[in-house]
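Residue strings, one per chain:
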Amino acid sequence: MSESVPGPAPEVFAPHKAPVSPPQASEEVEFVQLLTPEGERVEHPDYTFDLDDETIKGFYRDMVLVRRIDTEATALQRQGELGLWASLLGQEAAQIGSGRALNKKDMVFPTYREHGVAFCQGVNPLNLLGLFRGVDQGAWDPKDNNFHLYTIVIGAQTLHATGYAMGQQRDHAIGDAENGEATIAYFGDGASSQGDVNEAFIWASVFNAPVVFFCQNNQWAISEPIDRQTRIPLYQRAAGFGFPGVRVDGNDVLATYAVTQQALKRAREGSGPTLIEAYTYRMGAHTTSDDPTKYRLNEDLEHWKLKDPIERVHAYLSRHAAVDHDFFDEVEAEGNKIAAELRAGCLALPDPVLTDFFQNVYVEETPQLAEQRDQFIAYAASFEGEG
């Protein structure tokens, strides 16, 4: 009997020990695009952007302000004022385009990086900083802005979103593409490998839930490249669950708006879920505790800088919409003003009263919770007078 000698393990299971490079050039990736990196409008057979240049100027302002908020938050963390920060640098178009496609009744379930969507929904950026400063557990009421609290557990919000969308069905809030309700759930390429996300896909499909799954494929799940998550484009996974998927240029705010708007209309009218893969790139670190130079190539970063979502809109407005320097200067000045106010507000946030955490667990206090609170108060009091 001949003895078989096992060969080397397939490459897919081999750990990557050096920086690797995901796909780069747009010509290698098929997606919906309406505005090129050079700022030129292009046509697409299935999607159009028919709003005026004033709207595009508004998108530009949104993206610049959100980036300025993001850079200020990163600086605050580096200076010890925040415990952590998850930057959205490079993903502004994906978030502003999708965020501006929402109507006032749609509900958002974010991860911990959707600062741009929060901005679109009217959430005070200072509330986001309070969470990362550790002085509260999220100081906004989801009902006020239709924007749920940030979710740290990877992928869990997709289940929450699906359940909420099923509730919208049962409340008879769907059936009207313009004035009905829908839900949108944000997640990243890494989260697409989580069981929660795939379970959400199943439930949404089977119950035809009015939910849009918006995957920001920024190429990296911390240090894991996209080829460790899938061997096919992520949007194609939707077909296996029985609903449509589409890949959009996530650095193109016009295309992202158009694709998300169509998916939301489809959900509101009762046609069920859609998976959107926004193909983009995480220009910064995963969070401020991460060092991306350890696992990715600098040349990739330089390549994606040429696809910057803000610069392409700047180019379009300058060349084709006769927008002068005064507008751009005003937006920059507004961003600096917001950043200064945000910094001052962050530094003035009061330290939390730790017993307040017990007040935010249930609407009415239970005997068990009261006992735990009293035990905590006694424990904290035991340290008084020390040191």
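Since we're looking at a predicted model, the values are computed, not measured. (Residues numbered from 1 in each chain as written. Predicted model: local features only at pLDDT ≥ 70, side-chain atom pairs only at ≥ 80, totals over all residues. Heavy atoms only, no water.)

Participant: So what exactly am I meant to see when it comes to the pairing of strand β2 (residues 183–188) here?
Facilitator: Looking along a regular strand, one sees the side chains alternate between the two faces of the sheet. Of all the six residues making up β2, five are buried; the element is thus mostly covered by neighbouring parts of the structure. Sheet topology note: the strand β1 (residues 107–109)/β2 ladder contains three bridges and is parallel. Paired with M107 across the two strands is T183, which belongs to β2. A crossover connection joins β2 to the parallel strand β3 (residues 211–217) through helix α7 (residues 195–206); in handedness this β-α-β unit is right-handed. (Buried < 20%, exposed > 50% of the residue type's maximum accessible area, 1.4 Å probe, protein only. Helix = DSSP H or I, 4+ residues; strand = E, 2+ residues; numbered from the N terminus. Pairing = 2+ DSSP bridges. Right-handed = clockwise from strand over helix to strand, strands pointing away.)

Participant: Is there a simple way to explain the domain arrangement of the protein in this structure?
Facilitator: Partitioning the protein into domains gives domain 1 (23–284 + 294–347) and domain 2 (353–387). A straight line from the C-alpha centre of domain 1 to that of domain 2 covers 38 Å. (Domains from an automatic or database assignment.)

Participant: Looking at this structure, how should I read the UniProt feature "domain: Dehydrogenase E1 component" (unreviewed entry) in the protein?
Facilitator: UniProt annotation of "domain: Dehydrogenase E1 component" (unreviewed entry) refers to residues 61–338 when read in the numbering used here. Secondary structure within residues 61–338 divides into 46% helix and 11% strand; the distance between the first and last C-alpha atoms comes to 12 Å. (UniProt positions renumbered as here; feature names shortened; annotations may be inferred.)

Participant: Would you mind going over the nonpolar core with me for this structure?
Facilitator: Buried together is how nonpolar side chains tend to be arranged in soluble globular proteins. Counting residues in each nonpolar core, the largest one holds 66 residues, and the members touching the most others are Y60 and L317. It is helix α1 (residues 53–78) that contributes the most residues to this core, ten residues altogether. Contact partners of L317, with chain neighbours within four places excluded, come to D53, I56, K57, Y60, A322, V323, F327 and F328. (Core = buried A, V, L, I, M, F, W, Y, C linked by side-chain atoms within 4.5 Å. Contact = heavy atoms within 4.5 Å.)

Participant: Where do I start with the pairing of strand β6 (residues 245–249) in this structure?
Facilitator: Within β6, four of the five residues are buried, which leaves it mostly tucked inside the rest of the structure. This β-α-β element, β6 to helix α9 (residues 253–268) to strand β7 (residues 274–279), shows right-handed connectivity.

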